[in-house]
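Each chain is listed here by its residues.
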Amino acid sequence: MVAASSVAAVMMGIAALFVRMKAAKKPTSTKKIIMPPLFMSTGAFMFLFPMFRVTGLELLEAAAVGCLFSLLLIKTSNFEIRGHDIYLKRSKAFPIILMTLLVVRIVGKLVLSTSIDVGELGGMFFILAFAMILPWRVVMYRKYKVLKCQLPERSVAMTEKTAF
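The rules behind each value
- Residues numbered from 1 in each chain as written.
- Predicted model: local features only at pLDDT ≥ 70, side-chain atom pairs only at ≥ 80, totals over all residues.
- Heavy atoms only, no water.
- Pairing = 2+ DSSP bridges.
- Helix = DSSP H or I, 4+ residues; strand = E, 2+ residues; numbered from the N terminus.
- Axes fitted to C-alpha atoms, helices over the stretch in contact; angles between N-to-C directions.
- Parallel < 35°, antiparallel > 145°, perpendicular 65-115°, else oblique.
- Left-handed = near helix turned anticlockwise from the far one by under 90°.
- Contact = heavy atoms within 4.5 Å.
- Nonpolar A, V, L, I, M, F, W, Y, C, P; charged D, E, K, R; others polar.
- Buried < 20%, exposed > 50% of the residue type's maximum accessible area, 1.4 Å probe, protein only.
- Lys, Arg positive; Asp, Glu negative; His and termini not counted.
- Salt bridge = Lys/Arg side-chain N within 4 Å of Asp/Glu carboxyl O.
- Polar contact = N/O pair within 3.5 Å; in protein donor to acceptor, adjacent residues only side chain to side chain.
- Patch = residues over 30% accessible without salt bridge, like charges linked within 9 Å, V, L, I, M, F, W, Y side chains within 5 Å.
- Areas by Shrake-Rupley, 256 points an atom, 1.4 Å probe, with all protein chains shown as cover.
- Charge placed at Lys NZ, Arg CZ, Asp CG, Glu CD.
- Core = buried A, V, L, I, M, F, W, Y, C linked by side-chain atoms within 4.5 Å.
- Phe/Tyr/Trp six-rings, centres within 6.5 Å; stacked < 30°, edge-to-face > 60°.

*Asks:* Teacher, can you tell me more about the pairing of strand β1 (residues 79-82) here?
*Replies:* Working note: regular strand, side chains alternate between the two faces of the sheet. Across four bridges, β1 lies against strand β2 (residues 85-88) in antiparallel orientation. Bridging from a neighbouring strand, Ile81 pairs with Ile86 of β2. The antiparallel pairing of β1 with β2 creates a hairpin that spans two residues between the two strands, and Gly83 there sits at a positive phi of about 70°.

*Asks:* For this particular structure, what's the right way to read the packing of helix α2 (residues 30-41) against helix α5 (residues 118-150)?
*Replies:* Remark: α2 packs on α5, axes separated minimally by 9 Å, with the N-to-C direction vectors making an angle of 160°. Here α2 is positioned roughly antiparallel relative to α5, judged by the angle of their axes. As α2 packs across α5, the resulting crossing turns out to be left-handed. Every residue of α5 that contacts α2 at Thr30, Lys32, Ile33, Ile34, Pro36, Pro37, Met40 and Ser41 is listed here: Phe126, Ala129, Phe130, Ile133, Leu134, Arg137, Met140, Tyr141, Tyr144 and Lys145. Grouping the amino acids of the contact of α2 with α5 by side-chain chemistry returns 13 nonpolar, two polar and three charged.

*Asks:* Looking at this structure, I do not really get the side chain of Arg137. What am I missing?
*Replies:* If you trace the backbone, Arg137 turns up in helix α5. Although Arg137 is buried, it forms no salt bridge, and the closest oppositely charged side chain is Glu80 at an N-O distance of 16 Å. In terms of polar contacts, Arg137 uses its side chain to reach the backbone carbonyl oxygen of Lys32, at 3.2 Å.

*Asks:* How should a positive patch on the surface be read in this particular structure?
*Replies:* Residues Lys22, Lys25, Lys26, Lys32 and Arg90 make up a contiguous surface patch of positive charge. Mapped onto the elements, Lys22 comes out in helix α1 (residues 2-23).

*Asks:* Help me out: how do you make sense of the nonpolar core in this one?
*Replies:* In globular proteins that are soluble, nonpolar side chains generally tend to be buried together. Counting residues in hydrophobic clusters, the biggest one holds 28 residues, and the most contacted among them are Leu73, Phe79, Ile86, Phe94, Leu101, Trp136 and Met140. Elements with a contribution of two residues or more to this core: α3 (56-75), β2, α4 (93-112) and α5. Per element, the largest residue contribution to this core is 12 residues, and it comes from α5. In contact with Ile86, other than residues within four places in its own chain, are Pro27, Thr28, Phe79, Glu80, Ile81, Tyr144, Leu147, Lys148 and Leu151.

*Asks:* Got a minute to help me understand the packing of aromatic side chains in this structure?
*Replies:* The relative placement of two aromatic rings is captured by the distance of their centres and the angle of their planes. For the structure shown, the criterion picks out three aromatic pairs. Pairing Phe47 with Phe126 gives two aromatic rings, centres 5.9 Å apart and planes at 65°, and the pair type is edge-to-face. Note that Phe47 is positioned in the loop between α2 and α3 and Phe126 in helix α5, a separation of 79 residues in sequence. Judged by centre distance (6.1 Å) and plane angle (70°), the rings of Phe79 and Tyr144 are edge-to-face. Taken together, the residues span a long stretch of sequence, with Phe79 in strand β1 and Tyr144 in helix α5 at a distance of 65 residues. Tyr144 shares its class with Phe79; the two are buried. In this structure an aromatic cluster arises from ring pairing among Phe47, Phe126 and Phe130.

Structure (C-alpha coordinates):
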(Lines give C-alpha, C1' and ligand atoms only; values in the text may rest on other atoms or scores of the structure.)
Protein backbone atom coordinates (compact mmCIF):
# COMPACT_ATOMS: atom_id res chain seq x y z
CA MET A 1 0.00 0.00 0.00
CA VAL A 2 2.80 2.43 0.92
CA ALA A 3 4.71 1.63 -2.29
CA ALA A 4 1.63 2.15 -4.47
CA SER A 5 0.85 5.51 -2.87
CA SER A 6 4.50 6.55 -3.27
CA VAL A 7 4.42 5.75 -6.98
CA ALA A 8 1.16 7.72 -7.27
CA ALA A 9 2.81 10.65 -5.46
CA VAL A 10 5.73 10.63 -7.91
CA MET A 11 3.32 10.60 -10.86
CA MET A 12 1.36 13.50 -9.37
CA GLY A 13 4.57 15.43 -8.72
CA ILE A 14 5.65 15.03 -12.34
CA ALA A 15 2.18 16.07 -13.50
CA ALA A 16 2.35 19.15 -11.24
CA LEU A 17 5.64 20.16 -12.87
CA PHE A 18 4.14 19.96 -16.35
CA VAL A 19 1.03 21.86 -15.28
CA ARG A 20 3.16 24.58 -13.70
CA MET A 21 5.34 24.92 -16.83
CA LYS A 22 2.27 25.11 -19.03
CA ALA A 23 0.57 27.61 -16.71
CA ALA A 24 3.48 30.04 -17.07
CA LYS A 25 2.67 30.36 -20.78
CA LYS A 26 -0.91 31.56 -20.23
CA PRO A 27 -2.27 34.50 -18.23
CA THR A 28 -3.40 33.62 -14.74
CA SER A 29 -6.66 34.51 -13.07
CA THR A 30 -8.31 34.51 -9.67
CA LYS A 31 -10.10 31.32 -10.62
CA LYS A 32 -6.86 29.50 -11.48
CA ILE A 33 -5.41 30.43 -8.11
CA ILE A 34 -8.42 29.65 -5.93
CA MET A 35 -9.79 26.48 -7.51
CA PRO A 36 -7.04 23.94 -6.56
CA PRO A 37 -7.47 24.31 -2.78
CA LEU A 38 -11.25 24.29 -3.17
CA PHE A 39 -11.14 21.07 -5.17
CA MET A 40 -8.67 19.54 -2.76
CA SER A 41 -10.83 20.43 0.24
CA THR A 42 -13.34 17.78 -0.82
CA GLY A 43 -10.74 15.21 0.25
CA ALA A 44 -11.56 16.08 3.86
CA PHE A 45 -14.55 13.75 3.49
CA MET A 46 -12.04 10.95 4.11
CA PHE A 47 -12.23 11.85 7.80
CA LEU A 48 -15.81 10.60 7.90
CA PHE A 49 -14.27 7.13 8.01
CA PRO A 50 -12.67 6.17 11.34
CA MET A 51 -9.55 4.64 9.77
CA PHE A 52 -8.41 8.07 8.48
CA ARG A 53 -9.01 10.04 11.67
CA VAL A 54 -6.00 11.53 13.41
CA THR A 55 -5.37 12.75 16.94
CA GLY A 56 -5.15 16.45 17.75
CA LEU A 57 -1.38 16.24 18.08
CA GLU A 58 -1.03 14.49 14.69
CA LEU A 59 -3.23 17.17 13.12
CA LEU A 60 -1.05 19.94 14.57
CA GLU A 61 2.17 18.20 13.51
CA ALA A 62 0.98 17.66 9.94
CA ALA A 63 -0.38 21.20 9.63
CA ALA A 64 2.86 22.70 11.01
CA VAL A 65 5.02 20.75 8.56
CA GLY A 66 2.68 21.70 5.71
CA CYS A 67 2.87 25.40 6.61
CA LEU A 68 6.65 25.14 6.82
CA PHE A 69 6.84 23.54 3.37
CA SER A 70 4.49 26.20 1.97
CA LEU A 71 7.15 28.84 2.67
CA LEU A 72 9.36 27.30 -0.03
CA LEU A 73 6.51 27.38 -2.54
CA ILE A 74 5.60 30.96 -1.60
CA LYS A 75 9.20 32.11 -2.18
CA THR A 76 9.26 30.60 -5.69
CA SER A 77 5.83 31.82 -6.85
CA ASN A 78 5.77 35.30 -8.30
CA PHE A 79 3.83 37.08 -10.98
CA GLU A 80 4.68 39.59 -13.66
CA ILE A 81 2.66 41.89 -15.89
CA ARG A 82 3.04 41.27 -19.61
CA GLY A 83 0.95 43.62 -21.71
CA HIS A 84 -2.54 43.66 -20.22
CA ASP A 85 -2.27 40.32 -18.42
CA ILE A 86 -0.66 38.81 -15.35
CA TYR A 87 1.54 35.74 -15.78
CA LEU A 88 3.12 33.37 -13.29
CA LYS A 89 6.90 33.81 -13.45
CA ARG A 90 8.91 30.71 -14.17
CA SER A 91 11.19 29.78 -11.33
CA LYS A 92 14.25 27.60 -11.85
CA ALA A 93 14.08 26.59 -8.19
CA PHE A 94 10.44 25.45 -8.28
CA PRO A 95 11.02 22.01 -9.91
CA ILE A 96 13.90 21.32 -7.53
CA ILE A 97 11.85 22.34 -4.50
CA LEU A 98 8.83 20.34 -5.64
CA MET A 99 10.90 17.19 -6.21
CA THR A 100 12.71 17.67 -2.88
CA LEU A 101 9.38 17.98 -1.06
CA LEU A 102 8.23 14.83 -2.83
CA VAL A 103 11.32 12.89 -1.76
CA VAL A 104 10.94 14.14 1.84
CA ARG A 105 7.27 13.08 1.75
CA ILE A 106 8.09 9.58 0.46
CA VAL A 107 10.91 9.05 2.97
CA GLY A 108 8.64 10.33 5.74
CA LYS A 109 5.91 7.95 4.66
CA LEU A 110 8.29 4.98 4.60
CA VAL A 111 9.65 5.80 8.06
CA LEU A 112 6.30 6.63 9.66
CA SER A 113 4.43 3.68 8.13
CA THR A 114 6.22 1.37 10.56
CA SER A 115 4.75 3.14 13.61
CA ILE A 116 1.52 4.80 12.38
CA ASP A 117 -1.48 3.03 10.86
CA VAL A 118 -1.76 3.45 7.06
CA GLY A 119 -5.18 5.16 7.32
CA GLU A 120 -4.00 7.67 9.92
CA LEU A 121 -0.87 8.29 7.89
CA GLY A 122 -3.04 8.98 4.84
CA GLY A 123 -5.03 11.48 6.89
CA MET A 124 -1.87 13.15 8.14
CA PHE A 125 -0.43 13.49 4.65
CA PHE A 126 -3.69 14.95 3.39
CA ILE A 127 -3.55 17.55 6.18
CA LEU A 128 0.11 18.23 5.40
CA ALA A 129 -0.65 18.75 1.69
CA PHE A 130 -3.66 20.95 2.36
CA ALA A 131 -1.75 23.00 4.96
CA MET A 132 0.96 23.46 2.35
CA ILE A 133 -1.30 24.43 -0.56
CA LEU A 134 -3.74 26.72 1.25
CA PRO A 135 -1.26 29.35 2.57
CA TRP A 136 0.67 29.21 -0.71
CA ARG A 137 -2.45 29.96 -2.73
CA VAL A 138 -3.64 32.66 -0.31
CA VAL A 139 -0.31 34.47 -0.72
CA MET A 140 -0.45 33.97 -4.50
CA TYR A 141 -3.93 35.48 -4.53
CA ARG A 142 -2.74 38.53 -2.57
CA LYS A 143 0.23 39.03 -4.91
CA TYR A 144 -2.10 38.68 -7.89
CA LYS A 145 -4.55 41.27 -6.54
CA VAL A 146 -1.72 43.78 -5.97
CA LEU A 147 -0.57 43.38 -9.58
CA LYS A 148 -4.14 43.50 -10.90
CA CYS A 149 -4.48 47.01 -9.45
CA GLN A 150 -1.35 48.00 -11.39
CA LEU A 151 -2.62 46.73 -14.75
CA PRO A 152 -3.01 49.39 -17.43
CA GLU A 153 -6.61 50.14 -18.39
CA ARG A 154 -7.82 48.00 -21.28
CA SER A 155 -8.87 49.91 -24.36
CA VAL A 156 -12.47 49.62 -25.48
CA ALA A 157 -11.48 49.09 -29.13
CA MET A 158 -12.60 45.79 -30.60
CA THR A 159 -9.92 43.19 -30.95
CA GLU A 160 -9.96 39.76 -32.56
CA LYS A 161 -10.82 38.22 -29.17
CA THR A 162 -13.85 40.44 -28.59
CA ALA A 163 -15.14 40.52 -32.17
CA PHE A 164 -18.30 38.60 -32.93
